[in-house]
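Observations on the model geometry
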Amino acid sequence: MKAVKTLGQFIIEKQADFPYAKGELSRLLRDIGIAAKIVNREVNKAGLADILGEAGTTNVQGECQKKLDVYANEQFITALNSGGECCIVVSEENDEYIYLDSEISKNAKYIVAIDPLDGSSNIDVNVGVGTIFSIFRRKTTEGKATMEDVLQKGTEQVAAGYVIYGSSTMLVYTTGKGVNGFTLDPSIGEFCLSHPDMRVPKDGVIYSINEGYYAHFPDGVKKYIKYCQVEDAKTSRPYTSRYTGSMVADLHRNMIKGGIFIYPVTASAPNGKLRLVYECNPMAFIIEQAGGKASNGYDRILELDVTDLHQRSAIFIGSEHMVAKAEEMMACFSPQKTKVTFEGVLSIQ
Ligand SMILES: O=P(O)(O)OC[C@H]1O[C@](O)(COP(=O)(O)O)[C@@H](O)[C@@H]1O
Ligand SMILES: [Mg+2]
Ligand SMILES: [Mg+2]
């Protein structure tokens, strides 16, 4: 009978990897695990719980918030505030960063950036959704944490993870020493180690992009899609197209099977759609820790300067060789100095 290892046990065990650790990060990951279970309970019975549909409010991105966006946001902020290990939360659903002022939180040393519910467009139609989180250590030591503490590059992350609310619920995370996945066993209410030391295959046969915007993609992306669709048995092409509309679900699949996920700049999203601080950076940290690659088509996501809480970025992420190939196409057909005009005609500046 194989011994079950819970997330809590694993975190404590791994704490030994960090000689100076005092348990704060462990407790912070524990708090995120607790909030994920509460959100999972609502997601699992969403149709019965009057939690489907619009909340009637919009977020700073101008998106209509779903009731579950708001519910999940509240659950994570409450868990982090009462846990006492986090002083600031940056959330997709809040215009400004939230300074946690509970007595135990205000002097905490960690900052959490979070996408409480990823794949919102799939909530009402019962397709996999997720939560994405990124953890930083504050830089300033005196007084209230500041914007300087919040706008840190992805390379400064001390941990990152996602929760996928799919056919089963999993929590996958890294602290910079590999990636491990835990499946929620509802009968004991615990996340249990099910996917130790996850590795994304160097190559895959799945490409994941919303081809509905094809006409508005940079030439480099159009060329890469064509490359994926060419008949060539030697390189297992044509690849298979898979796109769920939930970044977490698409990346989790590619993490296990190999593949590439691309959300490039488009006419309607000239800086990309996905948010650097709480979508691209945490997923890039995880994928790189699993042996994959993540860029904006040119530069490493984790090296990108962070200048705004909700800044967006193009993202090419997944199997190392597939991302490298897509970058090759971008360098060749959409060189960085070139401003892409969406009539598809390139104009050299
Ligand atoms: O509908 P589109 O334009 O393809 O966008 C889908 C993408 O947008 C997202 O839903 C954005 O995330 P949120 O749902 O957290 O806003 C991603 O999960 C997904 O990959
Ligand atoms: Mg999202
Ligand atoms: Mg979201």
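Just so it is clear, the structure is predicted and the values come from calculations on it, not from any experiment. (Residues numbered from 1 in each chain as written. Chains lettered and ligands numbered in written order. Predicted model: local features only at pLDDT ≥ 70, side-chain atom pairs only at ≥ 80, totals over all residues. Heavy atoms only, no water.)

1. As for the nonpolar core
Formed by 45 residues in total, the largest nonpolar core has its most connected members in Met255 and Ile315. For this core, the element with the highest residue contribution is helix H7 (residues 276–289), accounting for nine residues. Each of domain 1 (7–195) and domain 2 (206–333) contributes no fewer than three residues to this core. Not counting the four nearest positions on each side in its chain, Met255 is found in contact with Tyr162, Val172, Val179, Met198, Arg199, Val200, Pro201, Ile286, Ile287 and Ala290. One finds Leu7, Leu25, Ala35 and Ile123 within the second-largest nonpolar core, a separate group that totals 41 residues. (Core = buried A, V, L, I, M, F, W, Y, C linked by side-chain atoms within 4.5 Å. Buried < 20%, exposed > 50% of the residue type's maximum accessible area, 1.4 Å probe, protein only. Helix = DSSP H or I, 4+ residues; strand = E, 2+ residues; numbered from the N terminus. Domains from an automatic or database assignment. Contact = heavy atoms within 4.5 Å.)

2. Description of the coordination of the magnesium ion (ligand 2)
In this structure, Asp115 (OD), Asp118 (OD) and Glu279 (OE) serve as the protein donors to the magnesium ion (ligand 2), at separations of 1.9 to 2.0 Å. Read in sequence order, the donor residues for the magnesium ion (ligand 2) give the motif D-x2-D-x160-E. A distance of 3.7 Å spans the gap from the magnesium ion (ligand 2) to the magnesium ion (ligand 3), which Asp115 bridges by coordinating each metal. One end of the pair, Asp118, is in strand S5 (residues 110–118); the other, Glu279, is in helix H7, and 161 residues separate them in sequence. (Donors = N, O, S within 2.8 Å, 3.2 Å for Na, K, Ca; no water.)

3. A word on unusual backbone geometry
Residue Pro238 follows Arg237 across a cis peptide bond; omega there is 10°. Looking at where Pro238 falls in the secondary structure, it is placed in the loop between helix H5 (219–229) and strand S12 (240–241). At Asn126, a position not held by glycine, the phi torsion is positive, near 60°. Mapped onto the fold, Asn126 is located in the loop between S5 and strand S6 (129–137). The backbone phi angle of Ser236 is positive, close to 55°, even though this residue is not glycine. For Ser236, the position within the fold is in the loop between H5 and S12.

4. Some thoughts on the packing of aromatic side chains
Per the counting criterion, the structure on display carries eight aromatic pairs. Relative to Phe182, the ring of Phe10 lies with its centre 5.1 Å away and its plane at 70°, an arrangement referred to as edge-to-face. A residue pair is termed long-range when its members are at least 10 positions apart, and Phe10 in helix H1 (residues 7–15) and Phe182 in strand S9 (residues 179–185) qualify at 172 residues. When its relative accessible area of 5% is taken as the criterion, Phe10 is described as buried. You can call Phe182 buried: its relative accessible area is 0%. (Phe/Tyr/Trp six-rings, centres within 6.5 Å; stacked < 30°, edge-to-face > 60°.)

5. A word on the sheet that holds S6
Pairing is mixed in the open sheet, where eight strands are placed in the order S4-S3-S5-S6-S7-S8-S9-S10. Two strands lie at the open edges of the sheet, namely strand S4 (98–99) and strand S10 (190–195), each paired on one side alone. Here strand S7 (residues 159–165) runs beside strand S8 (residues 169–174); their pairing, made up of six bridges, is antiparallel. The residue bridging Tyr165 from the neighbouring strand is Thr169, located in S8. (Pairing = 2+ DSSP bridges.)

6. Quick look at the UniProt feature "binding site: Mg(2+) 1" (unreviewed entry) in the protein
Mapped onto this structure's residue numbering, the UniProt feature "binding site: Mg(2+) 1" (unreviewed entry) falls at Glu92, Asp115 and Leu117. Of the residues just listed, which span 26 residues, no C-alpha pair is farther apart than 8.9 Å, and they cluster in one region. Assignment of secondary structure puts Asp115 in strand S5. Residue Asp115 is classed as buried on the basis of its relative accessible area of 0%. Excluding its chain neighbours within four sequence positions, the residues that come into contact with Asp115 are Glu92, Gly130, Thr131, Ile132, Tyr278 and Glu279. Of note, Leu117 is situated in strand S5. Here Leu117 falls in the buried class, since its relative accessible area comes to 1%. Other than its neighbours up to four places away in sequence, Leu117 contacts Val39, Leu68, Asp69, Ala72, Glu92, Ile123, Val129, Gly130 and Tyr165. (UniProt positions renumbered as here; feature names shortened; annotations may be inferred.)

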